[in-house]
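# Reading the structure
Listed below are the residues making up each chain.
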Amino acid sequence: MFLNPLLTPLRIFFETLAQSLDADFKREKLPEPSTLPEKINWQRTLPFLFLHGGCLAVFWVGISPISLAAALLLYVIRMFAITGFYHRYFSHRTFKTSRLFQFLAAVLGNSSMQRGPLWWAATHRHHHAHADEEEDKHSPLTKGFCWSHIGWLTSMRNFPTPYEKVHDLSRYPELVFLNRYDKTIPLLYGMLMYWIGWMIEKKFPNSGLTAGEFFVWTFFISTTLLLHGTLFINSLAHLWGNRPYRTKDDSRNNFWLSIITLGEGWHNNHHRYPHATRQGFRWWEIDITYYGLKILSLLGLIWELRPVPDSILMEAQESPSSMFN
Ligand SMILES: [Zn+2]
Ligand SMILES: [Zn+2]
């Protein structure tokens with residue numbers, strides 16, 4: 001009995017470890033998520049502390065043009081996977097693709113350490129159903145900036161995947177696998193990055209690049225920036241920008257956010273009509289994700305991209321000059 005004080009932290013440690021390897025670990029024994037408090041759970045902060053803490057290693061490993069360019073390139077490629085597929089495909093089904101291509105896109109999105117595609121899509125569908133209401137998990141209006149940006153991700157209330165919201169996706173066992181073991185791909189991605197860095201170090205010793213430096217830039221820094229870029233859509237895109245559409249939420253159109261997120265900054269457009277593939281509705285609203293998806297459709301890899309109806313375009317009260325308001 002006197003062992004109890006020692007066993008409890010040990011049990012928590014091993015359960016946390018198991019849960020980080022298998023997101024559905026002991027799922028049936030967890031309390032109903034809506035009954036849990038909306039507060040930070042220290043175990044759930046560990047992946048974020050790991051990511052941000054890893055960035056500090058840059059002071060030891062330094063920087064080189066190759067590492068910087070690779071980190072930027074992987075930011076852009078993986079942001080495209082998040083916006084084009086996690087968001088516009090899995091969450092909103094705005095176009096169609098093959099089973100193989102949806103799996104490959106899910107793997108790429110998963111390497112961003114933003115959890116599995118089913119959790120992401122289910123959580124995002126909930127946001128659209130309750131945007132800026134009390135029920136919304138990440139509204140800066142009802143819950144404050146810090147909670148809407150990152151706090152909500154650390155609450156056990158928002159951890160389990162509500163599979164009932166993604167029946168259309170959970171019929172694919174390969175997607176359920178990625179969702180359940182959602183640290184597998186990030187782990188493989190990290191190993192791949194270290195291996196590429198090691199190969200450059202060995203084959204091109206004159207480059208001065210080290211495996212550690214390449215790993216810190218392409219894994220820690222690129223992934224952390226990608227995480228915050230995406231999270232700004234939950235926080236800043238409901239606070240900063242203009243509102244050509246009088247939606248019932250407080251979503252905004254913001255040019256700067258659209259640049260760092262490859263088109264997701266046209267968030268007010270998106271809340272008005274989430275069924276369209278494009279989020280930049282007018283020619284001056286730069287939507288790099290949409291241009292990328294158009295190229296994929298010309299290559300025959302995706303099809304049936306859904307347009308914005310004329311009636312929705314006519315509704316907007318906006319001109320190019322109002323873009324920076
Ligand atoms: Zn929103
Ligand atoms: Zn959406």
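Located above this text is the structure these notes cover.
Read on for a plain summary of the structure.

### As for the nonpolar core
By size, the foremost hydrophobic cluster in this structure holds 38 residues, and its most contacted members are Phe85, Tyr86, Phe90, Leu118, Ala121 and Phe214. The element contributing the most residues to this core is helix α4 (residues 65-91), with 12 residues. Apart from residues lying up to four places away in sequence, Ala121 is in contact with Tyr86, Phe90, Ser91, Val166 and Leu169.

### Points about helix α6 (residues 117-130)
Here α6 is 14 residues long and its end C-alpha atoms lie 20 Å apart, about the 20 Å a rise of 1.5 Å per residue gives. Looking at α6, one finds that the buried residues are Pro117, Leu118, Trp119, Trp120, Ala121, Ala122, Thr123, His124 and His127. Against α4, α5 (99-110), α9 (167-170) and α10 (173-180) lie the buried residues of α6. Looking one or two residues past α6, Asp132 carries a phi angle of roughly 65 degrees, positive in sign.

### Comments concerning the environment of His275
Within the secondary structure layout, His275 lies in the loop between α14 (267-272) and α15 (288-298). Judged by the 13 C-beta atoms lying within 10 Å of it, His275 falls in the partly exposed class. Distance from His275 to Asp136, taken between C-alpha atoms, is 20 Å for residues 139 residues apart in sequence. In this view, His275 contacts His92, Thr94 and Arg306; residues no more than four positions away in its chain are not counted.

### Observations concerning unusual backbone geometry
If you check the backbone angles, Arg93 has positive phi at about 50 degrees while not being a glycine. Tracing the backbone shows Arg93 in the loop between α4 and β1 (96-97). One non-glycine residue with positive phi stands out, namely Met113, at about 60 degrees. When you line up the elements, Met113 lands in the loop between α5 and α6. In this structure Met113 comes out as buried when scored by C-beta crowding, with 22 C-beta atoms within 10 Å.

### Remarks on α4
For α4, spanning 27 residues, the distance from its first C-alpha to its last is 36 Å, which sits close to the expected 39 Å at 1.5 Å a residue. Along its length, α4 shows its largest kink, about 25 degrees, at Phe85. Of all 27 residues in α4, 19 are buried, a share of seventy percent or more. Where α4 terminates, the next one or two residues include Arg93, which has phi positive at roughly 50 degrees.

### Examining the environment of Asp24
Residue position: Asp24 is located in the loop between α1 (4-21) and α2 (42-55). Classification of Asp24 by C-beta neighbours within 10 Å gives partly exposed; the count is 17. Taking the C-alpha atoms as reference points, Asp24 and Pro160, separated by 136 residues in sequence, lie 7.1 Å from one another.

Definitions and cut-offs
- Residues numbered from 1 in each chain as written.
- Chains lettered and ligands numbered in written order.
- Predicted model: local features only at pLDDT ≥ 70, side-chain atom pairs only at ≥ 80, totals over all residues.
- Core = buried A, V, L, I, M, F, W, Y, C linked by C-beta atoms within 7 Å.
- Buried ≥ 20, exposed ≤ 12 C-beta atoms within 10 Å, placed from the backbone.
- Helix = DSSP H or I, 4+ residues; strand = E, 2+ residues; numbered from the N terminus.
- Contact = placed C-beta atoms within 7 Å.
- Expected span 1.5 Å × (residues − 1).
- Bend = angle between axes of the 7 residues up to and from the residue.

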